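What the coordinates show
The residues making up each chain are set out below.
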Amino acid sequence: MSPQNPPVSHPPASDVVLTHPDRLYWPDEGVSKQALADYYAAVWPFMAPYLVNRPLALLRLPNGIKGHQRFFQKHAWKGMNPHIEEVADPEERDGEKLLRIVDFNGLTALVQSAALEIHPWGTTTENWERPDMITMDLDPGEDVAWSAVISAALDVNARLKARGLAAFVKTSGGKGLHVVAPLAPKAGWAAVKDFAHSLAESMSADAPEKYLSTATKAKRGGHIYIDYLRNGRGNTAVAAYSTRARPGAPVSMPIDWSELNEISGPAAFTLANVPQRLETRPSDPWRDFFDAAAPLE
């Protein structure tokens, strides 16, 4: 595992006290604030390397997914728990500070704050200008078959491997799949974004009947948008193991490539079935993620 992501141990009891732990964040599913905290305690050892010491964008829904309050938050708010840290962006020293967490207390504080989605940058605050991952977000149009999304993920995998990069896959918990390549943090943001853009454009050029590299809504029907924009400085992608603020309480779940054809769809994993998955999967499918990091040449 890379130096900026040391091995993590099982979480200690959090110092953060949950108020109104029975408040329902997903009312139809009966998922309470306490249930969300318990879920994150279970996945913390696996999730931490993709979350700790990274600038974060949060989707906060204080009254749950059926409430009217919905805040996409990158900066502090009144009454924010001190375990959610503020950190200055080196490019904007005088601007509003960004947010990060450094331990399980921070994640529990996010639960207390009704952060139902957690979207990190693809880098750490120790290495602001050198991303340590590329995320290719496969976003299908409404009429695209799930099998076509799987084929697109395999295509991205092959293209990354051809460039000497490892590729890992996770459900988005939304509409598609995320293919993520670990990077040795050497290339800067511009180079990483340019690479992701060129990969998306090559897929679109090779199979224009399947893929788009621009988010043109008029052309989305029957196509998969290869969203490379997650890889710009300040842009984010939902974290591995993060919940999504959607019906069913889905989770963005890392999977093994061999599992793809067994997965029913992008929201196949939920707070209801993740405990069983953690018990039955033979190992963490992303266990070698940072060990597989290579520089972007």
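Below or above, wherever it landed, is the structure these notes cover. (Residues numbered from 1 in each chain as written. Predicted model: local features only at pLDDT ≥ 70, side-chain atom pairs only at ≥ 80, totals over all residues. Heavy atoms only, no water.)

Right, let's talk about the packing of helix 3 (residues 146–162) against helix 4 (residues 189–206) for a bit. Where helix 3 contacts helix 4, the axes come no closer than 11 Å and their chain directions differ by 125 degrees. It follows from the interaxial angle that helix 3 and helix 4 lie oblique. Classified by chirality, the crossing of helix 4 by helix 3 is right-handed. Judged by residue contacts, Ala152, Asp155, Val156, Arg159 and Leu160 of helix 3 engage Phe195, Leu199, Ser202, Met203 and Asp206 from helix 4. When its residues are assigned to classes, the contact of helix 3 with helix 4 shows six nonpolar, one polar and three charged. (Axes fitted to C-alpha atoms, helices over the stretch in contact; angles between N-to-C directions. Helix = DSSP H or I, 4+ residues; strand = E, 2+ residues; numbered from the N terminus. Parallel < 35°, antiparallel > 145°, perpendicular 65-115°, else oblique. Left-handed = near helix turned anticlockwise from the far one by under 90°. Contact = heavy atoms within 4.5 Å. Nonpolar A, V, L, I, M, F, W, Y, C, P; charged D, E, K, R; others polar.)

Across the sheet, which stays open at both edges, the six strands sit in the order 11-12-8-10-9-13 with mixed pairing between neighbours. The open sheet has two free edges, formed respectively by strand 11 (211–212) and strand 13 (254–255), since each of these has just one partner strand. Examined bridge by bridge, strand 11 and strand 12 (residues 224–227) share two bridges and lie parallel to one another. Paired with tyrosine 211 across the two strands is isoleucine 224, which belongs to strand 12. Helix 3 contacts strand 8 (133–140), strand 10 (177–182), strand 11 and strand 12 of the sheet and is inclined by roughly 10 degrees relative to strand 10. Packing against the sheet, helix 4 makes contact with strand 8, strand 11 and strand 12, and its axis sits at approximately 35 degrees to strand 8. (Pairing = 2+ DSSP bridges.)

Here we take up the packing of helix 1 (residues 33–47) against helix 2 (residues 104–112). Two elements in contact, helix 1 and helix 2, have axes whose closest approach is 10 Å; the angle formed by their N-to-C orientations is 150 degrees. The angle between helix 1 and helix 2 places the two elements in the roughly antiparallel class. Where helix 1 crosses over helix 2, the two elements pack in a sense that is right-handed. Where helix 1 abuts helix 2, its residues Lys33, Leu36, Ala37, Tyr40, Ala41, Trp44 and Met47 lie against Phe104, Leu107, Val111 and Gln112. A class-by-class count of the residues in the contact of helix 1 with helix 2 yields nine nonpolar, one polar and one charged.

A word on the packing of aromatic side chains. Evaluated as defined, the whole model comprises 12 aromatic pairs. Judged by centre distance (5.0 Å) and plane angle (50 degrees), the rings of tyrosine 39 and tyrosine 40 are tilted. Neither tyrosine 39 nor tyrosine 40 differs from the other in exposure class; each is buried. Ring centres of tyrosine 50 and phenylalanine 290 lie 5.6 Å apart, and the angle between their planes is 20 degrees; this geometry places the pair in the stacked category. (Phe/Tyr/Trp six-rings, centres within 6.5 Å; stacked < 30°, edge-to-face > 60°. Buried < 20%, exposed > 50% of the residue type's maximum accessible area, 1.4 Å probe, protein only.)

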